[in-house]
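Each chain, written out:
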Protein chains: 2
Amino acid sequence: MPKLLQHRLDPASRLARLMFAEYGIAVDLEEIKPWTREPQLLELNPAATVPILIEEGEPPAVGVLAVVHTIEDRYSPSAVVGLFPAQSRDRAEMWRLCEWVLMKLNDEVTRYVIEEKIVKRDKRGATPDPAVLRVAKANLVEHMLYFNWLFATRHWIGGETMTLADFALAAHLSALDYLGDVDWEQAVETRQWYARIKSRPAFRTLLNDRVGGMPPHAGYADLDF
Amino acid sequence: MPKLLQHRLDPASRLARLMFAEYGIAVDLEEIKPWTREPQLLELNPAATVPILIEEGEPPAVGVLAVVHTIEDRYSPSAVVGLFPAQSRDRAEMWRLCEWVLMKLNDEVTRYVIEEKIVKRDKRGATPDPAVLRVAKANLVEHMLYFNWLFATRHWIGGETMTLADFALAAHLSALDYLGDVDWEQAVETRQWYARIKSRPAFRTLLNDRVGGMPPHAGYADLDF
């Protein structure tokens with residue numbers, strides 16, 4: 001069985017888990033705290049990031065780009081029904097939106113929220129910085145306006161078909177939603193899309209997650225939120 | 001002819017140009033300043049980033065992930081001799097290193113140097129912040145140690161074959177080298193690799209670049225630097 005080194009609320013790990021679940025592949029999840037930079041992690045990945053995919057007889061796939069490509073290569077049932085569209089032009093739109101989520105949304109919102117609320121909680125003597133969280137929240141408002149604008153005319157974020165970009169966004173929003181940072185009242189179009197993707201069987205893996213001593217925000221696991 | 005909206009010293013644009021040159025495809029370069037956020041740019045890409053690839057009869061490919069995938073899809077001579085290795089495990093290592101460069105090196109070094117030295121120079125009344133440049137320089141030292149360590153045992157950064165990851169790193173280092181920010185004296189192994197990749201015909205497109213009023217650092221265009 002493939003093994004995934006991951007952290008429950010890490011959005012890149014969540015993206016990998018969604019892909020495995022969507023493709024119906026059982027995966028052994030090994031929970032780690034990448035920020036503690038254990039020697040075993042640094043040996044696999046000097047960048048100290050997750051996810052890392054480990055399979056017998058193969059070198060590890062390290063980092064979100066390597067892992068999503070590897071899962072798609074090995075486990076996509078076929079090029080027609082996988083999460084990567086068959087047409088190059090549709091894949092280009094998928095990559096534009098993946099980049100938006102993995103680089104821009106992560107950079108302006110998610111990584112700050114995870115750092116302040118999860119990493120600092122785990123570090124002795126560190127406390128979340130409210131000023132950083134305020135900036136992340138203000139940035140998220142801008143991102144949600146863009147997503148609402150897209151979903152006003154699109155069923156899925158890249159167009160008519162669900163792709164990796166939907167899973168990437170859902171992975172990030174689900175981590176933020178666990179922590180109570182998504183204002184769904186102000187995001188009607190995005191909420192409709194999220195309700196749809198949240199109802200997929202693949203999503204159950206994430207909705208059952210619990211972080212010790214930190215229960216999810218109300219509505220996190222409700223399909224009718 | 002495909003058209004690339006780009007900025008000369010933007011490393012992501014340089015990566016796209018290296019791919020086109022390597023594949024022998026003529027491309028019409030349209031120089032823009034993404035930081036001025038012109039309405040025409042925002043309409044194509046609300047993230048206001050380059051490169052953007054425009055081809056007749058196709059929707060634009062926007063952002064570095066979309067552009068590198070699109071160039072590989074449309075112009076790679078074949079899966080055997082392209083910049084993406086044929087084996088999934090080799091592509092995983094390529095993506096790990098692409099992520100290192102596009103996300104980590106960019107995040108910790110290149111984007112600060114570009115912002116302080118290029119963007120601020122272009123903005124009325126803005127001056128580079130020496131404290132930011134000092135941090136970027138210190139981070140670059142750490143990155144170069146890792147690259148030296150890789151190149152001590154590898155001919156190309158991902159292994160025995162040149163891949164997209166070599167072009168990604170060369171694109172970033174070439175932009176930093178133009179600005180005089182690479183200390184080659186302290187980077188023997190990486191320098192040998194850079195001399196090799198710099199000698200490729202594809203690299204000429206970058207070595208002829210000049211930014212108005214800002215000549216390149218000595219050695220930038222020398223194959224024997």
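Residues numbered from 1 in each chain as written. Chains lettered and ligands numbered in written order. Predicted model: local features only at pLDDT ≥ 70, side-chain atom pairs only at ≥ 80, totals over all residues. Heavy atoms only, no water.

## Some details on the interface of chain A and chain B
Each partner contributes to the interface: chain A provides 29 residues, whereas chain B provides 29 residues. Summing both partners gives a buried area of about 2,600 Å² for chain A against chain B, and 57% of it is carried by carbon and sulfur. When the buried surface of chain A facing chain B is broken down by residue, Leu65, Arg89 and Glu99 of chain A rank first, second and third, together holding 21% of it. At the boundary of chain A and chain B, one finds 6 salt bridges. Across the salt bridge formed by arginine 91 of chain B and aspartate 73 of chain A, the nearest N and O atoms sit 2.9 Å from each other. Linking chain A with chain B are 17 residue pairs in polar contact (both at pLDDT 80 or more), by the criterion used here. (Contact = heavy atoms within 4.5 Å. Buried area = accessible area lost by both parts, 1.4 Å probe. Salt bridge = Lys/Arg side-chain N within 4 Å of Asp/Glu carboxyl O. Polar contact = N/O pair within 3.5 Å; in protein donor to acceptor, adjacent residues only side chain to side chain.)

## Let's talk about the state of the cysteines
Throughout this description, disulfide means a covalent bond between two cysteine sulfur atoms. For the coordinates displayed, the defined rule picks out 0 disulfides over all chains. Its sulfur unpaired, cysteine 98 of chain A is 15 Å from the next cysteine sulfur, which belongs to cysteine 98 of chain B. Exposure remark for cysteine 98 of chain B: the relative accessible area of 1% places this residue in the buried category. (Disulfide = S-S within 2.5 Å. Buried < 20%, exposed > 50% of the residue type's maximum accessible area, 1.4 Å probe, protein only.)

## Thoughts on the UniProt feature "domain: GST C-terminal" (unreviewed entry) in chain A
The positions that UniProt labels "domain: GST C-terminal" (unreviewed entry) are, in the present scheme, residues 87-225 of chain A. The span residues 87-225 of chain A is 63% helical and 0% strand by assignment, and the distance between its end C-alpha atoms comes to 35 Å. (UniProt positions renumbered as here; feature names shortened; annotations may be inferred. Helix = DSSP H or I, 4+ residues; strand = E, 2+ residues; numbered from the N terminus.)

## As for helix H1 (residues 11-22) of chain B
Residues and elements named next belong to chain B. Compared with the 16 Å implied by 1.5 Å per residue over 12 residues, the 16 Å span of H1 between its first and last C-alpha is a close match. Summarising burial for H1: 10 of the 12 residues are buried, a large majority. The complete set of buried residues in H1 reads Pro11, Ala12, Ser13, Arg14, Leu15, Ala16, Arg17, Leu18, Met19 and Phe20. (Expected span 1.5 Å × (residues − 1).)

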